[in-house]
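Letter by letter, the chains look like this.
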Amino acid sequence: QVQLVESGGGLVQVGGSLRLSCAASGRTFSSYFVGWFRHTAGKEREFVAAIRWSGGITYYADSVKGRFTISRDNAKNTVYLQMNSLKPEDTAVYYCAARYRETAMRESEYDYWGQGTQVTVSS
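Quick notes on the rules
Residues numbered from 1 in each chain as written. Predicted model: local features only at pLDDT ≥ 70, side-chain atom pairs only at ≥ 80, totals over all residues. Heavy atoms only, no water. Helix = DSSP H or I, 4+ residues; strand = E, 2+ residues; numbered from the N terminus. Rg over C-alpha atoms; globule rule 2.2 N^0.38 Å. Buried < 20%, exposed > 50% of the residue type's maximum accessible area, 1.4 Å probe, protein only. Contact = heavy atoms within 4.5 Å. Core = buried A, V, L, I, M, F, W, Y, C linked by side-chain atoms within 4.5 Å. Disulfide = S-S within 2.5 Å. Salt bridge = Lys/Arg side-chain N within 4 Å of Asp/Glu carboxyl O.

Undergrad: In this structure, what is going on with the overall build of the chain? I would like to understand it.
TA: Counting its regular elements, the chain contains zero helices and eleven strands. The helix and strand sequence of the chain, counted from the amino end, reads β-β-β-β-β-β-β-β-β-β-β. For the chain, whose C-alpha radius of gyration is 13 Å, the value lies close to the compact-globule estimate of 14 Å for 123 residues. Projecting the C-alpha coordinates of the chain onto the three principal axes gives extents of approximately 40 × 30 × 25 Å. A total of 123 residues make up the chain; the buried ones form 41% of that total. When contacts within the chain are restricted to residue pairs at least 6 apart in sequence, long-range pairs at least 24 apart make up 58% of them.

Undergrad: Even after reading the chapter, I still don't get the nonpolar core, so can you show me in this structure?
TA: Side chains of a nonpolar character, in soluble globular proteins, are inclined to be buried together. Grouped together as the largest cluster of nonpolar side chains are 36 residues, with contacts concentrated most on Leu4, Trp36, Leu81, Met83 and Tyr94. Of all the secondary structure elements, the ones that give two or more residues to this core are β1 (2-7), β3 (18-26), β4 (32-39), β5 (46-51), β7 (68-73), β8 (78-83), β9 (92-100) and β11 (117-122).

Undergrad: Would you explain the state of the cysteines in this entry?
TA: What we call a disulfide is simply a covalent bond connecting the sulfur atoms of a pair of cysteines. Inspection of every chain in the model, using the stated rule, returns one disulfide. Paired by a disulfide, Cys22 and Cys96 hold their sulfur atoms 2.1 Å apart. Classification of the bridge connecting Cys22 and Cys96 rests on its S-S torsion, roughly 65°, and on that basis the disulfide is right-handed. With Cys22 in strand β3 and Cys96 in strand β9, this pair connects stretches of sequence that are 74 residues apart. The residues Cys22 and Cys96 share a single accessibility class, namely buried.

Undergrad: It is not clear to me how the pattern of salt bridges should be interpreted in this structure. Could you clarify?
TA: One pass over the full model with this rule turns up five salt bridges. Linking Glu46 and Arg38 is a salt bridge whose minimum nitrogen-to-oxygen distance equals 2.8 Å. On the basis of relative accessible area, Glu46 is assigned to the partly exposed category, the value being 30%. Between Arg67 and Asp90 there is a salt bridge whose closest N-O contact spans 2.8 Å. Pair noted here: Arg67 is in the loop between β6 (58-60) and β7 and Asp90 is in the loop between β8 and β9, with a separation of 23 residues, a long-range link. Arg67 sits in the buried class, given a relative accessible area of 11%. Look at Asp90 and you get buried, because its relative accessible area is 0%. Shared partners join several salt bridges into a network, and the residues in it are Arg38, Glu46, Arg67 and Asp90.

Structural data, given as structure tokens:
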């Protein structure tokens, strides 16, 4: 079992940056594949980025590739999402999710979810 808590969201202007954190507690965090998703009211939850257990291999949605960077520090039980060059369409509630020892790209494949953190991008 693992519990996830997101933080770092807030209000930022177009072109600005934010760093989101996903802090984990419970089982050994290094054993989990971790992803970030985002959701806007009235729309489907969207995959954003994901990272493998060691942190050496990452995955990104085309909409954020080149602007967002996912990383992890297993010693701190934390996964980060660095968001640069933010656009209004990045506005959403961002969630982190984890799956034990398995690559996961779809919502249904993840075992654990955090509460979410709000990101709002204004001009």
